[in-house]
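One-letter residues, chain by chain:
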Amino acid sequence: MHAHNDTATNTAANAQHPFAALTPDVVLDALASVGLYGDGRLMALSSYENRVYQVTLEDGQRVVAKFYRPERWSQAQILEEHAFAAELTAAEVPAVGPLVLSGSTLHTHGGFAFSVSPWRGGRGPELDDFEVLEWIGRFLARIHTVGAAQPFAYRPALTVQTFGADSRDWLLAHEIIPLDMQSAWQGACENALKLIASSALSTGDGGQFGLNQARQIRLHGDCHPGNILWTPTDQPGGGPHFVDLDDARMGPAVQDLWMLLSGDRSQRTQQLSALLEGYEQFRSFDRRELALIEPLRTLRLIHYSAWLARRWQDPVFPVNFPWFGSSDYWRGQVDMLHEQIEAMGEEPLYA
């Protein structure tokens, strides 16, 4: 192949995929632009949405540099995430927020927006330990107390429209679903969304309670076990801390609880009891929101498929999600949507 063709191919790939331009040198230059000098040691941390690096500085300290995916969030939306993190820190909630460097938490270099946070170690929490769940519950209540104090002005809300209908419409408009599965998926998806939108969700006491009736507060938004780091409780500052508010948005409080539940119904009920035991030491919880767990799980399912499809041009995605997009994948999604339709018809968990 001739050299100029090579260049053309690379340019096309770069145009498709902005992170291709984010080389280790660009990362180190970006840090130097805010007065932090790396010793050359960079370790990529697992993040599909953004690019995140642990950087060792010349003085031996470690920081985490996060480069935001271009065109995902506006500057106002990113600054709102940072302000939320700062409010949490001010309220002594152990969330890790970005450092203020040269008077700001958000910087740009080489066309990328980035922030730098202190490095915090830790491992995944032991979610089969009820004491750990109770601790996380207390911690979430404290996040929600801060979150409920004022709304986000710029960041989105978790609604049937934003997570469900918009995702469905995008997948269909871009003809992502193989023809042999398209009508089955579309049918299951329509039925599921209709069920959620109609608020025809019994709350166990005969009342109707839907996503639009729940109080919307600022949330972590993507509170799965991977976003909680646990440090041994015999160390100063031990216990849980949150590391990523990248998906912070407005939504019902229960959104930050349900992803921590797993196993069969009785296991989930026990886990929920432990979480709420801790939560309610700091903040009251509207039990009617438990009827939203399965609808929220359904919305996440639909949203996740659309997220993978929207990011497919980023080479990190085909490598890490090789199973995505086949007829088998979509058949599995149809089955899961049918299971969710059934689950939404059952009595909600209670605790």
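Residues numbered from 1 in each chain as written. Predicted model: local features only at pLDDT ≥ 70, side-chain atom pairs only at ≥ 80, totals over all residues. Heavy atoms only, no water.

A word on a negative patch on the surface
On the surface, a cluster of negative charge is contributed by Asp335, Glu339, Glu342 and Glu346. The residue Glu339 is located in helix H11 (residues 327–345) in this model. (Patch = residues over 30% accessible without salt bridge, like charges linked within 9 Å, V, L, I, M, F, W, Y side chains within 5 Å. Areas by Shrake-Rupley, 256 points an atom, 1.4 Å probe, with all protein chains shown as cover. Salt bridge = Lys/Arg side-chain N within 4 Å of Asp/Glu carboxyl O. Lys, Arg positive; Asp, Glu negative; His and termini not counted. Charge placed at Lys NZ, Arg CZ, Asp CG, Glu CD. Helix = DSSP H or I, 4+ residues; strand = E, 2+ residues; numbered from the N terminus.)

Some points on the pattern of salt bridges
This model, assessed by the stated rule, comprises 22 salt bridges. Put simply, Arg288 and Asp286 hold a salt bridge, and the shortest N to O gap is 3.0 Å. Shared partners join several salt bridges into a network, and the residues in it are Glu49, Arg51, Lys66, Arg69, Arg72, Glu81, Asp244, Asp246, Asp247, Arg249, Arg311 and Asp314.

Quick notes on the nonpolar core
In terms of nonpolar packing, the biggest core is built from 74 residues, with Ile136, Leu140 and Trp185 touching the most fellow members. The biggest single contributor to this core is helix H9 (residues 293–310), with 9 residues. With residues near it in sequence (within four places) discarded, Ile136 still touches Pro125, Leu127, Ile228, Trp230, Pro240, Leu260 and Leu275. The next biggest cluster of nonpolar side chains, apart from the first, holds 18 residues, and it includes Phe19, Ala65, Phe114 and Val116. (Core = buried A, V, L, I, M, F, W, Y, C linked by side-chain atoms within 4.5 Å. Buried < 20%, exposed > 50% of the residue type's maximum accessible area, 1.4 Å probe, protein only. Contact = heavy atoms within 4.5 Å.)

Focus on the sheet that holds strand S3 (residues 62–67)
Overall, antiparallel pairing links the 5 strands, which are arranged S1-S2-S3-S5-S4 in an open sheet. Edge positions in the sheet fall to strand S1 (38–45) and strand S4 (107–109), since each has one partner strand and no second. Between one strand and the next, the sheet's axes are offset by a mean angle of 35 degrees, whatever the strand orientation. As defined by bridge partners, S4 adjoins strand S5 (residues 112–118) across 3 bridges and the pair is classed as antiparallel. (Pairing = 2+ DSSP bridges. Axes fitted to C-alpha atoms, helices over the stretch in contact; angles between N-to-C directions.)

Thoughts on the packing of aromatic side chains
The final tally for this structure, using the stated rule, is 21 aromatic pairs. Ring geometry for Trp185 and Trp330: centres 5.5 Å apart, planes at 80 degrees, overall edge-to-face. One end of the pair, Trp185, is in helix H6 (residues 179–197); the other, Trp330, is in helix H11, with 145 residues separating them in the sequence. Under the relative-accessibility criterion, Trp330 is labelled buried at 0%. These aromatic residues form a ring-pair network of at least three members: Tyr48, Trp185, Tyr304, Trp307, Trp312, Phe317, Phe321, Trp323, Phe324, Tyr329 and Trp330. The ring of Trp119 carries Arg62 above its face, with NZ or CZ at 3.8 Å from the centroid. A cation sits over an aromatic face here: Arg142 above Phe282, 5.9 Å from the ring centre. (Phe/Tyr/Trp six-rings, centres within 6.5 Å; stacked < 30°, edge-to-face > 60°. Lys NZ or Arg CZ within 6 Å of the ring centre and 35° of its normal.)

Description of unusual backbone geometry
For Glu71, which is not a glycine, the phi torsion comes out positive at approximately 70 degrees. Along the polypeptide, Glu71 turns up in the loop between S3 and helix H3 (75–90). You can call Glu71 exposed: its relative accessible area is 82%. Although it is not a glycine, Glu175 sits at a positive phi angle of roughly 50 degrees. You can call Glu175 exposed: its relative accessible area is 67%.

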